[in-house]
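Structural features, examined
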Amino acid sequence: MSREQAPSTTEAAIRATGNRALIGYLPVGYPDQATCVEAVVALAEAGFTAVELGVPYSDPGMDGPVIQAATQATLERGFRLEELFQTLEAISARTDIPLLVMTYWNPVLRYGVDRFAQRFAAAGGAGLITPDLTPENAAEWLAAAERHGLDRVFLAAPSSSDARLDAVIDASTGFVYTVSTMGTTGTRADVDQAARQLADRIAVRAETLGRDTLRCVGVGISTGEHVRQVLDYADGAIAGSALVRALGEGGVPALRELAASLALGTLDGGPATPAPAEKGIPA
């Protein structure tokens, strides 16, 4: 997105927080469709900026054990992709929080890329996060997203080269999903220092490209203190496994309690400031 274009719904929501966004992840349809809808509404009511809904997938490459178990249970009860669109419609009828979907690429490809984008946008979706799709291989998706006004969020990892970061920054709208650590999702005692270094590298590369790119950090965030730490240097914090565990163990009430504690981490401090280029961020 060029600077002249209006910000997307997701970007506008993040900027409205003073670049102190909190994003939640839940598997769509977990533990059942009705409860999933209530859970997302609970996150919105707790002050979350946006919500990611993960499409259950039989062979995930990024998901850790908590999310794998939840998505496997959802698949075993008979989840089909049509349920995603139904769930988005039900949530959109009750809240205007941006609804992103994280999905591996094969379900979209099998459904039909433009057909998926059209149905997704009509159901109230804001954009896709595609962990196994790189910008270099995303021409069909980029075109469909442009036609239907959808965000395309690509991932950057600590191992990403400067050339890959440039490609991700150029192709992404909404924000760049900044992976905090190497490995799969899951709660951790602290958030990896690599996350700060990566967020700073993205800021430097974005400035070089003339872009004002938002950076939201995910993987390993499970406490309000984690959220506060991340918002010292990034524009948003993404919590997933901790929310999924709370929902699975204690239902929507437990999820609501955890969501409130995570939201406390957004309250102190100011907007994230990019590291200056002269600090010598490692390539």
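Preceding this paragraph is the structure being described.
Bear in mind that the values here come from a model prediction, so they are computed numbers and not experimental data. (Residues numbered from 1 in each chain as written. Predicted model: local features only at pLDDT ≥ 70, side-chain atom pairs only at ≥ 80, totals over all residues. Heavy atoms only, no water.)

Let us now look at the packing of aromatic side chains. Aromatic ring pairs are defined here through the distance separating the ring centres and the angle between the ring planes. In this structure the tally under the stated criterion is 5 aromatic pairs. A centroid spacing of 5.9 Å and a plane angle of 90° characterise the contact between tyrosine 111 and phenylalanine 116, whose relative ring orientation is edge-to-face. Pair check on accessibility: tyrosine 111 and phenylalanine 116 agree, each one buried. With 5.7 Å between their ring centres and 25° between their planes, phenylalanine 116 and phenylalanine 120 make a pair best called stacked. One end of the pair is phenylalanine 116 and the other is phenylalanine 120, both in helix α6 (residues 113–123) and 4 residues apart, which spans about a single turn. Residue classification places phenylalanine 116 among the buried residues on the basis of a relative accessible area of 1%. The buried category is assigned to phenylalanine 120, whose relative accessible area is 0%. Grouped by ring-pair contacts, the aromatic residues Phe85, Tyr111, Phe116 and Phe120 constitute a single cluster. Between arginine 115 and the ring centre of tyrosine 111, over which it is positioned, the NZ or CZ distance is 3.9 Å. (Phe/Tyr/Trp six-rings, centres within 6.5 Å; stacked < 30°, edge-to-face > 60°. Buried < 20%, exposed > 50% of the residue type's maximum accessible area, 1.4 Å probe, protein only. Helix = DSSP H or I, 4+ residues; strand = E, 2+ residues; numbered from the N terminus. Lys NZ or Arg CZ within 6 Å of the ring centre and 35° of its normal.)

With that out of the way, let us pick up the nonpolar core. In this structure, Leu26, Leu84, Phe116, Trp141, Phe175, Tyr177 and Leu243 are the most contacted members of the largest nonpolar core, which totals 90 residues. Counting residues per element, this core draws most heavily on helix α11 (residues 241–263), which supplies 11 residues. (Core = buried A, V, L, I, M, F, W, Y, C linked by side-chain atoms within 4.5 Å.)

What follows covers the environment of glycine 54. Its location among the elements puts glycine 54 in strand β2 (residues 50–54). Linking glycine 54 and glycine 29, residues 25 residues apart in sequence, is a C-alpha distance of 9.0 Å. With residues up to four places along the chain from it excluded, the contact list for glycine 54 reads Tyr25, Leu26, Pro27, Val28 and Met102. (Contact = heavy atoms within 4.5 Å.)

The next point concerns helix α4 (residues 81–92). The end-to-end C-alpha distance of α4, which contains 12 residues, comes to 17 Å, matching closely the 16 Å that a straight helix rising 1.5 Å per residue would cover. Buried residues of α4: Leu81, Glu83, Leu84, Phe85, Thr87, Leu88 and Ile91, and no others. Check the buried side of α4 and you find it contacts α2 (33–45), β2, β3 (99–102), α5 (105–111) and α6. (Expected span 1.5 Å × (residues − 1).)

Its location among the elements puts threonine 49 in the loop between α2 and β2. Other than its neighbours up to four places away in sequence, threonine 49 contacts Ala13, Ile14, Thr17, Ala21, Leu22, Ile97 and Pro98.

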